[in-house]
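If you want the building blocks of each chain, they are given just below.
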Amino acid sequence: MDGERKIKIALTKGRIEKEAVKIFERAGVDCSEVINKGRKLIFHNMESNIDFVLVKAPDVLTYVEHGVVDVGIVGKDTLLEQDKNFYEVLDLGFGKCKFSLAGLKNSDFYSGYNRKKIATKYPNVARSYFRKLGQDVEIIKIEGSVELAPILGLADAIVDIVETGSTLKENGLVVYKDICSISARMVVNMASMKMKKEEIEKIINKVQVQINEMEKAAR
Ligand code: PRP
């Protein structure tokens, strides 16, 4: 432990934080303060020389890119949406869901020649999907409850995250096309990867061992 440099880790608040904490605990990092956090947002763990900070998903990469934290735990959806610099080092295997194109059950998205309107919280992901298809669409940015957009007639379809599919189903929407799979990832600041190589590799390896064990147990 002596001489080891401190590693700051940004966790995405909420579901990802809870799953990540389980893995860190299994890897021998005491996360009891994070588990019983109240409204606290920053946690110093003297024993393992790790600090955890809790932030919203889009802010994880901002902190990582600026180097004020060394490591981030965040969904692949955020990585795909944001144009930031970082190393993506691990697929953590939880937070599994997908990006899909979806819309009203009885509407034929693929018919007609009109320029389609797409509502989404992820404009860059949607733009890049349709650009690859060579289809010119209008992207409308929505902050949440995107499923409402086709129902209210704001858009012809949505690009959104589908996990269980129940939000789509309960609102009369169906998947038209799956775009890509998503799961939680570990990312590392580019300078930290060089300057704190030993400490960061140790964390990556510890977490990788736990992911392998959990995957083996789930089989
Ligand atoms: C996400 C997503 C869908 C829903 C999908 O929304 O945008 O609405 O989860 O999950 P399901 O397939 O299991 O139903 P979130 O809960 O993040 O809230 P939001 O709609 O306010 O973004």
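Note that this is a predicted model, so its numbers are computed, not measured.

Trainee: Any chance you could explain the nonpolar core here in plain terms?
Mentor: Burial of nonpolar side chains together is a common tendency in soluble globular proteins. Judged by nonpolar contacts, the single largest core of 29 residues is most densely connected at Ile9, Phe24, Phe52, Ile73 and Met186. For this core, the secondary-structure elements that each account for two or more residues are strand E1 (7-12), helix H1 (15-26), strand E3 (50-55), strand E4 (71-75), strand E11 (184-188) and helix H9 (197-218). Excluding residues within four positions of it along the chain, isoleucine 73 makes contact with Ile9, Ala10, Leu11, Thr12, Ile16, Ala20, Phe24, Val60, Leu92, Phe94, Arg185 and Met186. Within the second largest apolar cluster, 16 residues are counted, among which are Phe109, Phe130, Val137 and Val159.

Trainee: I would appreciate a short explanation of the domain arrangement of the chain in the present structure.
Mentor: In many analyses, interface size is given as the accessible surface area lost on bringing the parts together. Examined at the domain level, the chain breaks down into domain 1 (7-95 + 183-218) and domain 2 (97-181). Taking only C-alpha atoms into account, the centre of domain 1 sits 30 Å from that of domain 2. Across the contact, 7 residues belong to domain 1 and 10 residues belong to domain 2. The largest per-residue losses of area from domain 1 upon contact with domain 2 belong to Asp77, Leu80 and Glu81, which jointly make up 70% of the total buried on that side. Inspection of the region where domain 1 meets domain 2 yields 1 salt bridge. The salt bridge involving glutamate 163 is made with arginine 15; its shortest N-O contact spans 2.7 Å.

Trainee: Could you clarify how one ought to interpret the site of the ligand in this entry?
Mentor: Taken together, Lys121, Gly144, Ser145, Glu147, Asp160, Ile161, Val162, Glu163, Thr164, Gly165, Ser166 and Thr167 make up all the residues around the ligand. For the ligand, whose free accessible area comes to 490 Å², the fraction covered by protein is 69%. Put simply, the ligand lies in the largest pocket. Of the residues that constitute the shell around the ligand, the class distribution is 2 nonpolar, 6 polar and 4 charged.

Trainee: What's the story with the pairing of E11 in this structure? I'm lost.
Mentor: Both faces of the sheet carry side chains from a regular strand, because those side chains alternate between them. Counting buried residues in E11 gives 5 out of 5 residues, a clear majority hidden from the surface. What you see with E11 is no split at all: Ala184, Met186 and Val188 on one side and Arg185 and Val187 on the other are buried throughout. Examined bridge by bridge, E4 and E11 share 5 bridges and lie antiparallel to one another. Pairing of glycine 75 across the sheet is with alanine 184, part of E11. Here 4 bridges tie strand E5 (residues 87-91) to E11, and the two strands are oriented antiparallel to one another.

Trainee: Whenever I open this one, the UniProt feature "coiled-coil region" (unreviewed entry) in the chain confuses me. Can you help?
Mentor: UniProt's entry tags residues 190-217 with the feature "coiled-coil region" (unreviewed entry), counted in the numbering of this structure. Secondary structure within residues 190-217 divides into 96% helix and 0% strand; the distance between the first and last C-alpha atoms comes to 33 Å.

Trainee: Teacher, can you tell me more about the side chain of asparagine 49 here?
Mentor: In this structure, asparagine 49 sits in the loop between strand E2 (42-45) and E3. Polar contacts involving the side chain of asparagine 49 include one to the main-chain carbonyl oxygen of glutamate 4, which spans 2.7 Å. Look past the residues within four positions of asparagine 49 in its chain and what remains in contact with it is Glu4, Arg5, Lys6 and Ile7.

Trainee: What exactly am I supposed to notice about the environment of isoleucine 204 here?
Mentor: Within the fold, isoleucine 204 resides in helix H9. Taking the relative accessible area as the measure of exposure, isoleucine 204 reaches 12% and is therefore buried. With 184 residues separating them along the chain, isoleucine 204 and alanine 20 place their C-alpha atoms 13 Å apart. Discounting chain neighbours no more than four positions away, the residues touching isoleucine 204 are Val89, Leu90, Met186 and Met193.

Conventions used here
Residues numbered from 1 in each chain as written. Predicted model: local features only at pLDDT ≥ 70, side-chain atom pairs only at ≥ 80, totals over all residues. Heavy atoms only, no water. Core = buried A, V, L, I, M, F, W, Y, C linked by side-chain atoms within 4.5 Å. Buried < 20%, exposed > 50% of the residue type's maximum accessible area, 1.4 Å probe, protein only. Helix = DSSP H or I, 4+ residues; strand = E, 2+ residues; numbered from the N terminus. Contact = heavy atoms within 4.5 Å. Domains from an automatic or database assignment. Buried area = accessible area lost by both parts, 1.4 Å probe. Salt bridge = Lys/Arg side-chain N within 4 Å of Asp/Glu carboxyl O. Near = heavy atom within 4 Å. Areas by Shrake-Rupley, 256 points an atom, 1.4 Å probe, with all protein chains shown as cover. 1 Å grid on protein atoms, 1.4 Å probe; cavity = no way out; pocket = protein on both sides within 12 Å on 5 of 7 lines; lining within 4 Å. Sits in = over half its atoms within 2 Å of the grid points. Nonpolar A, V, L, I, M, F, W, Y, C, P; charged D, E, K, R; others polar. Pairing = 2+ DSSP bridges. UniProt positions renumbered as here; feature names shortened; annotations may be inferred. Polar contact = N/O pair within 3.5 Å; in protein donor to acceptor, adjacent residues only side chain to side chain.

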